[in-house]
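Topology and contacts: notes
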Amino acid sequence: MKRRTIWKKFLSGALALAMCGALAACGGGGNASTQPPATEPASPASPAVMQPADSDLAYVQNKGVLVVGITEFEPMDYQDAEGNWIGFDADMAAAFAGSIGVEVEFQIIEWDNKVFELEGRTIDVVWNGMTLNNEVKAAMECSNPYFDNAQVVIVRADKAADYPTAESVADLAFAVEGGSAAKEQAEAHGFSFTEVTDQATALLEVSSGTADAAIIDFLMAKAMTGEGTSYADLTYTASLNTEQYGVGFRKGSDMAAALNDFFKSSYETNLMQQIAEKYNIAEALVAQ
């Protein structure tokens, strides 16, 4: 009897120990796989992050610099003897950048790629005597017009008397800036033309004799051709159209409205007029 009792007690103890171990294992496994500890708070939902496209102004202010896409274009954007960018557009761009609390940086671009440069964010704005045509307005968020302009024909000064009208230049070989209003006018008039990098190159083509004529902006022709200029051997003759300049930002950008406000205040304080007079183009300035 005594031996049987001891054996029963041994079996009962072993069974109890086995059940406790099983319960402990099940409890531990459940806690690890199904829920966090009671003391660990649930993770909050991540807040929505505003994308730079939601506010171009905030994007530019956050990075601290306004990158301006330009070409060499006197009297709008060109370099002085020390390599500083000057001109009406350059001066106004620097003033606008200062008004929104950022630095200004000028980046030379291929004019034909200006929309891609904007969309790729390698530049923030195209500010370079840009004609406000339908293509530009469809692709960019544009400012109000700020200058009147025209596309004009450039020929050698000693041949100017032979080419007073658009009809008289119909058989000439032209150089025009790719993706520009000049190219648009060459196509509209049925002229034969070769595309070049920028308007300065178009002038060089005529001066060197590799093109008979060029089409460039009137404001540039006035500043860069004729007696006392870089191209004293060239002059402008026929005017092909009338147009206006504007500044272009990414489509939907709030920077255009900010610039329009700056234009208005700058015109009211006479800043725009003073800068235009500095570059001898005040008569073409559009009231804001």
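Right, let's walk through the structure included here. Model, not experiment: these values are computed from the prediction. (Residues numbered from 1 in each chain as written. Predicted model: local features only at pLDDT ≥ 70, side-chain atom pairs only at ≥ 80, totals over all residues. Heavy atoms only, no water.)

As a further point, take the overall build of the chain. Within the chain, the regular secondary structure consists of 10 helices and 13 strands. Looking at the chain as a whole, 43% of its 288 residues are labelled buried. A separation threshold of at least 6 residues defines the contact pool for the chain, and within that pool the share at least 24 residues apart is 71%. Entry remark: accessible area of the chain is about 15,100 Å², with carbon and sulfur atoms responsible for 53%. (Helix = DSSP H or I, 4+ residues; strand = E, 2+ residues; numbered from the N terminus. Buried < 20%, exposed > 50% of the residue type's maximum accessible area, 1.4 Å probe, protein only. Contact = heavy atoms within 4.5 Å. Areas by Shrake-Rupley, 256 points an atom, 1.4 Å probe, with all protein chains shown as cover.)

Right, let's get into the packing of helix H9 (residues 255–268) against helix H10 (residues 271–278). Viewed as axis vectors pointing N to C, H9 and H10 meet at an angle of 80°, and their least axial separation amounts to 5 Å. With respect to H10, the axis of H9 lies roughly perpendicular. Packed against H9, whose contacting residues are Phe-262, Phe-263, Ser-266 and Tyr-267, the element H10 presents Leu-271, Met-272 and Gln-273 at the interface. Split by residue class, the contact of H9 with H10 holds 5 nonpolar, 2 polar and no charged. (Axes fitted to C-alpha atoms, helices over the stretch in contact; angles between N-to-C directions. Parallel < 35°, antiparallel > 145°, perpendicular 65-115°, else oblique. Nonpolar A, V, L, I, M, F, W, Y, C, P; charged D, E, K, R; others polar.)

Let us now look at the nonpolar core. If you look at the biggest cluster of nonpolar residues, it comprises 54 residues, and the most contacted ones within it are Leu-66, Phe-88, Phe-96, Trp-127, Tyr-146, Phe-147 and Phe-263. Within the second largest apolar cluster, 16 residues are counted, among which are Leu-172, Phe-174, Ala-182 and Ala-213. (Core = buried A, V, L, I, M, F, W, Y, C linked by side-chain atoms within 4.5 Å.)

Moving on, we come to the packing of helix H3 (residues 88–99) against H10. Between H3 and H10, whose axes approach to 9 Å, the crossing angle comes to 150°. As judged from the angle between their axes, H3 and H10 are roughly antiparallel. Relative to H10, the crossing made by H3 is right-handed. Counted together, Phe-88, Asp-91, Met-92 and Ala-95 of H3 and Leu-271, Met-272, Ile-275, Ala-276 and Lys-278 of H10 form the full contact between these two elements. (Left-handed = near helix turned anticlockwise from the far one by under 90°.)

Now for the sheet that holds strand E10 (residues 192–196). Pairing is mixed across the open sheet formed by 5 strands, whose spatial order is E10-E9-E11-E8-E12. The open sheet is flanked by E10 and strand E12 (234–239), the only strands paired with a single partner. Direction aside, neighbouring strands of the sheet carry axes that sit 35° apart on average. Across the sheet, helix H7 (residues 199–208) is in contact with strand E8 (151–156), strand E9 (173–177), E10, strand E11 (213–217) and E12; its angle to E11 comes to roughly 150°. (Pairing = 2+ DSSP bridges.)

A separate point is the packing of aromatic side chains. A full pass over the atoms with the stated rule returns 14 aromatic pairs. Pairing Tyr-146 with Tyr-245 gives two aromatic rings, centres 6.3 Å apart and planes at 50°, and the pair type is tilted. Here Tyr-146, found in the loop between strand E6 (141–142) and strand E7 (147–149), pairs with Tyr-245, found in strand E13 (residues 243–249); they are 99 residues apart in sequence, far enough to count as distant. As far as the burial class goes, Tyr-146 and Tyr-245 line up, both buried. (Phe/Tyr/Trp six-rings, centres within 6.5 Å; stacked < 30°, edge-to-face > 60°.)

Summed over all chains, the structure comprises 9 salt bridges. Among the salt bridges present, the one from Lys-63 reaches Asp-124, with a minimum N-O distance of 2.7 Å. Of this pair, Lys-63 sits in helix H2 (residues 56–63) while Asp-124 sits in the loop between helix H4 (114–119) and strand E5 (125–131); the two residues are 61 residues apart in sequence, bridging distant segments of the chain. In this structure Lys-63 comes out as partly exposed when scored by relative accessible area, which is 34%. Taking the shortest distance from any N to any O, the salt bridge between Glu-283 and Lys-222 comes out at 2.2 Å. (Salt bridge = Lys/Arg side-chain N within 4 Å of Asp/Glu carboxyl O.)

Here we take up H2. All of the buried residues along H2 are Asp-56, Ala-58, Tyr-59 and Val-60. Looking at the packing, one finds that the buried side of H2 touches strand E1 (65–70) and H9.

A large share of E11 lies buried, amounting to 5 of its 5 residues. As judged from the 4 bridges shared by E8 and E11, these two strands associate in the antiparallel manner. Bridge pairing in E11 links Gln-151 to Asp-217. Note that E9 and E11 share 2 bridges and pair parallel.

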